[in-house]
Amino acid sequence: SEVPASVVSALGATLLAGEDEIAQHYAVRAIANIAACDDADADPPNDTSRAAAAAAASAMSVSVGSRLATVENVNALLALAVVARSGTLRDASASAAARLLRRSRSLRVRVAGEKGRLKQLLVALRDAHAAAISARAAPNAAGNTMVPVAVGTEPQQLLLVLVALMSERSSRSRLLRGASTAEERGVARTACRALEAPSPLLRAKGALLLAELCASDVPVRVLSAALEAKALPLLERALRTQTAQPGATRDGYMQAVSVHVLAALQAAGVQLMRAIEHTLSQGRSNSKNNNSNNSNSNSSNNNSGGGGGEDVVLNAGAALCRLLQSPLLQPLGCAPELSTGLAQWLGRTRSPLTIAPNTLAVAAPTDADVDQGLIELTRALISSPAGYASLRDHASAVRPDGLVAALVRLVGAETSADSLAFEAVKLALQLLLVHAAQHDAELDETRAAKATGGSRRESDAYGQSDDLVEESEFTRELERLISEKLVPSLPRVFERAEPLPLYALTLVGTASELCPAVADAAHAHGLGAKVPGLLLAYARDGSVQPATLILLLRLLESPRANRGEMWDAGLAPLLVQLLLMGAATDHLNHNLNHLGAAQGFDGTDGAGGGSALAHASLDVTLDSLHTLLAFIAEPPADTLPEAAAGVLAFWAARSVALLPAAAPLIALCHHADPALATKAARCALLVARMCGEGGHAAAPTEARAAFVEGASGAALRDALERDEPERATVAHTLLALLRVVLPTAAQ
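So, how was this worked out
Residues numbered from 1 in each chain as written. Predicted model: local features only at pLDDT ≥ 70, side-chain atom pairs only at ≥ 80, totals over all residues. Heavy atoms only, no water. Helix = DSSP H or I, 4+ residues; strand = E, 2+ residues; numbered from the N terminus. Buried < 20%, exposed > 50% of the residue type's maximum accessible area, 1.4 Å probe, protein only. Contact = heavy atoms within 4.5 Å. Areas by Shrake-Rupley, 256 points an atom, 1.4 Å probe, with all protein chains shown as cover. Axes fitted to C-alpha atoms, helices over the stretch in contact; angles between N-to-C directions. Parallel < 35°, antiparallel > 145°, perpendicular 65-115°, else oblique. Left-handed = near helix turned anticlockwise from the far one by under 90°. Nonpolar A, V, L, I, M, F, W, Y, C, P; charged D, E, K, R; others polar. pLDDT = per-residue confidence, 0-100. Salt bridge = Lys/Arg side-chain N within 4 Å of Asp/Glu carboxyl O. Phe/Tyr/Trp six-rings, centres within 6.5 Å; stacked < 30°, edge-to-face > 60°. Lys NZ or Arg CZ within 6 Å of the ring centre and 35° of its normal. Expected span 1.5 Å × (residues − 1). Lys, Arg positive; Asp, Glu negative; His and termini not counted.

Asks: Mind showing me how you'd approach the overall build of the protein chain here?
Replies: Across its full length, the protein chain carries 40 helices and 2 strands. The 747 residues of the protein chain split such that 49% are buried. Partitioning the contacts of the protein chain with sequence separation of at least 6, the portion at a separation of at least 24 is 75%. In the structure as shown, the protein chain presents an accessible area of about 33,100 Å², 54% of it carried by carbon and sulfur atoms.

Dropping the structure here:
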């Protein structure tokens, strides 16, 4: 039979303040039981008889449950959940309120829309959480032991109320409408506390709440706050804990929830990408419109897409960064439009931020804030497994509107802070290496007959190099980009704090490997007089980068090179230092370091440990030395006779400074690679011819001491005694060297 209306009224009246708590407890339990009859979470019947009984009970509860599901009853239950002295009554009241809310969508909307509802729930959750922590930390009855605190303990029933109100769009939007920043962060922290709770059910409810934060109608900053509070690592740990349990004890509810929340996070990632791209495109359009407006344009037009758009970029970018980096969400596909928007926004012309009237300037994000957020998003984008697939092709990346081009311009911009420029140059270098590999892959068929081992240079035993660089659209665009946008700004970059100058040089060196003409632009801006000194300082610190040595070689090979200027900037001590580093792993390591120290050079890094050049770097160093020695020995054929005499006199007065290279060059004649050993022998012979009897420098005594005395002499004898067929060229070259420095003895 139908429950009388007086009973329903009596149950509601018992919930009001001032009633006896015992009576309230029974009333709450009755309401919870009635609501549970039609609760979606109720256990399904197992047989026909139970199904019939449940159907009858459900039919009776329809009218009763509907009459109990009122805003007044829910408000009274929530008040009891907060102020009741008994913990059992507080929990039962919150549970009954959650069950009533799940029954009626209209009830959820009305309850969520009441003023201060979100604040009431968050304060209650916070206080209950603190009380639970205090209770667990209190001494037990004996007073001599402590109960361990369960990290993340959260009142389960109050959380159910919040999850119910966040479960669909209409009530969720009413609940979050007008929420303060602290309240939005409170919702995010509540989800994270639930995710680290010991109870599997509570962790599942925390995952559900996180899924609701991914909805498109929830402000991005709420999801961003949850991700900032480590929601993804907590979710990953909760799922890992669930998976590690035996199949019989595994919670099926949590498994279903995990599918739902991961799908919600994936969808949120796509929405964030679209939101960022849309905001960036609006910003570009507004910028163009503002530039075309005359001075009498309405200020409202100038501020469209201003601070609000930048807030979207910052919050959505921060959230998307964490989503892209989460192992749970890989691979998260990235829309190509996102990289396009990043390129165009990072490459924009910087201008002071325009703030709308009646707004606080301190609350508006600055250009630097937006740039930093976009840089972090770019790093996350290209570091994710699917990130590179979403980038445009390598030729487009280095065009003026490409992502690499935008990063390069950001490095050289006067308005870029050191930290921002450093992050930009690292990302540009990372992208350039990838795009260069893509470029090489396209040229593999034409290069196969010329190049081996992936090298772009093939050298004979004399160090003569055949460039394998082939001009293409990519190399033409890259040369134009580096020469016009980065090289002119390098003098200013060199004045900034390390490691920005080192990375900028590495970027230019990487580009010069593909585009030798970059070195011409470097000479045109006076960098030939600065690079040797910088590289010498890096070599002494043990921080030599292979790409910077390629830049050195390109500078020496350039038709615009002023090698005398480079010499005066520290070229000779740089080459000697590099050769000592290259010979640092040789069997004469101790003697060489002793000799180098006596001559003012150091074969160790700044930390005091051995610092050696890799094979490729040593190979480029020998090519650089040979290029210099070949120029000194024979000036260009088009040099006027009177000028040629002056050139020879200039180098004759300076070439003796290369004699400290004799010891490492002779040591390198023992290198395991016969081709590299032959290069070292040829360079040693050129130095001997220049400084020995009859040479331009005419320093036979010094040459003899450098090549045939002490450690160098012992190494020379050892090299001549080696009879491997592949080292025959090394031996013949060293015999020619002896004829130069010891002509009488050799005869």
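And the narrative resumes.
Asks: Can you walk me through the packing of helix 28 (residues 531-540) against helix 31 (residues 571-582) in this structure?
Replies: Pairs of packed helices are described in terms of their axes, by the angle between the two and the distance that separates them. Look at helix 28 against helix 31: their axes get within 9 Å of each other, and the N-to-C directions meet at 30°. By the angle between their axes, helix 28 is roughly parallel relative to helix 31. Handedness of the helix 28/helix 31 crossing: left-handed. The segment helix 28 lies against helix 31, with Pro-532, Leu-535, Leu-536, Ala-539 and Arg-540 engaging Leu-571, Pro-573, Leu-574, Gln-577, Leu-578 and Met-581. Classifying every residue of the contact of helix 28 with helix 31 by side-chain character gives 9 nonpolar, 1 polar and 1 charged.

Asks: How should the confidence of the model for the protein chain be read in this particular structure?
Replies: When pLDDT drops low, the exact placement of atoms in the prediction is not to be read closely. Residues at a pLDDT of 70 or more form 73% of the protein chain, whose mean pLDDT is 77. Looking at the elements of the protein chain, mean pLDDT is at its lowest for helix 15 (residues 299-302), recorded as 33, and at its highest for helix 27 (residues 518-524), recorded as 95. Note that residues 352-364 has pLDDT below 50 and, in this model, 10 contacts with residues that lie over four places away or in other chains. Confidence over residues 586-610 falls short of pLDDT 50; this stretch has 39 contacts with residues more than four positions distant or in other chains.

Asks: What is the right way to read the pattern of salt bridges from this model?
Replies: When charged atoms on two side chains of opposite charge get close, those side chains can pair. Taken as a whole, this structure holds 21 salt bridges when the rule is applied. Measuring nitrogen to oxygen at the nearest pair gives 3.4 Å for the salt bridge that ties Asp-127 to Arg-126. Note on Asp-127: relative accessible area 41%, which makes it partly exposed. For Arg-496, the salt bridge goes to Asp-418, with nearest N and O atoms at 3.4 Å. In this pair, Arg-496 is assigned in the loop between helix 25 (490-494) and helix 26 (500-514) and Asp-418 in helix 22 (residues 418-442), connecting sequence segments 78 residues apart. By sharing partners, the salt bridges in this structure join Arg-169, Arg-172, Glu-212 and Asp-217 into a single network.

Asks: For this particular structure, what's the right way to read the packing of aromatic side chains?
Replies: Going through the model one piece at a time under the given rule, you end up with 4 aromatic pairs. Taken together, a centroid distance of 5.1 Å and an interplanar angle of 85° make the contact between Phe-422 and Tyr-503 edge-to-face. Taken as a pair, Phe-422 in helix 22 and Tyr-503 in helix 26 lie far apart in primary sequence, 81 residues in all. For Phe-422, a relative accessible area of 17% corresponds to the buried category. On the numbers, 5.0 Å between centres and 90° between planes, the contact of Phe-650 with Trp-651 is edge-to-face. Residue Phe-650 is classed as partly exposed on the basis of its relative accessible area, which comes to 25%. Looking at Trp-651, the relative accessible area reads 3%, which means it is buried. An aromatic cluster of at least three residues, connected via ring pairs, comprises Trp-567, Phe-631, Phe-650 and Trp-651. In this structure, Arg-563 is placed above the aromatic ring of Phe-631, and the distance from its NZ or CZ to the ring centre is 4.3 Å. Over the ring of Phe-650 we find Arg-654; its NZ or CZ atom is 3.6 Å from the centre of that ring.

Asks: Any chance you could explain helix 24 (residues 473-486) here in plain terms?
Replies: For the α-helix, the turn length of 3.6 residues means that residues three or four positions removed from each other point alike. Helix length check: helix 24, at 14 residues, gives a terminal C-alpha distance of 19 Å against a target of 20 Å (1.5 Å per residue), a fit within 8%. Among the residues of helix 24, Phe-474, Thr-475, Glu-477, Leu-478, Leu-481, Ile-482, Ser-483 and Leu-486 are the ones counted as buried.

Asks: Hey, could you run me through unusual backbone geometry in this one?
Replies: Residues other than glycine predominantly adopt negative phi, and peptide bonds predominantly adopt the trans conformation. Omega for the bond connecting Glu-498 with Pro-499 falls within 30 degrees of zero, at 5°, which places this linkage in the cis form. In this fold, Pro-499 is placed in the loop between helix 25 and helix 26.

Asks: What is the right way to look at the environment of Arg-560 in this model?
Replies: Following the sequence through the fold, Arg-560 ends up in the loop between helix 29 (546-557) and helix 30 (563-568). It is 9.4 Å that separates the C-alpha atoms of Arg-560 and Ala-522, two residues lying 38 residues apart in sequence. Excluding its chain neighbours within four sequence positions, the residues that come into contact with Arg-560 are Asp-520, His-523 and Ala-524.

Asks: For this particular structure, what's the right way to read the side chain of Arg-727?
Replies: Topologically, Arg-727 is positioned in the loop between helix 38 (710-721) and helix 39 (728-741). Although Arg-727 is buried, it makes no salt bridge; Glu-724 carries the closest opposite charge, 4.4 Å away. Those residues in contact with Arg-727 that lie beyond four places of it in its chain are Cys-669, His-670, His-671, Ala-672, Asp-673, Ala-677 and Arg-722.

Asks: Would you explain the packing of helix 6 (residues 105-112) against helix 9 (residues 169-176) in this entry?
Replies: Orientation of helix 6 relative to helix 9, taken along the N-to-C sense of each, is 5°, at an axis distance of 8 Å. Judged by the angle between their axes, helix 6 and helix 9 are roughly parallel. Between helix 6 and helix 9, the residues in contact are Arg-105, Arg-108, Val-109 and Ala-112 and Ser-170, Ser-171, Arg-174 and Leu-175, respectively. Taken together, the residues that form the contact of helix 6 with helix 9 break down as 3 nonpolar, 2 polar and 3 charged.

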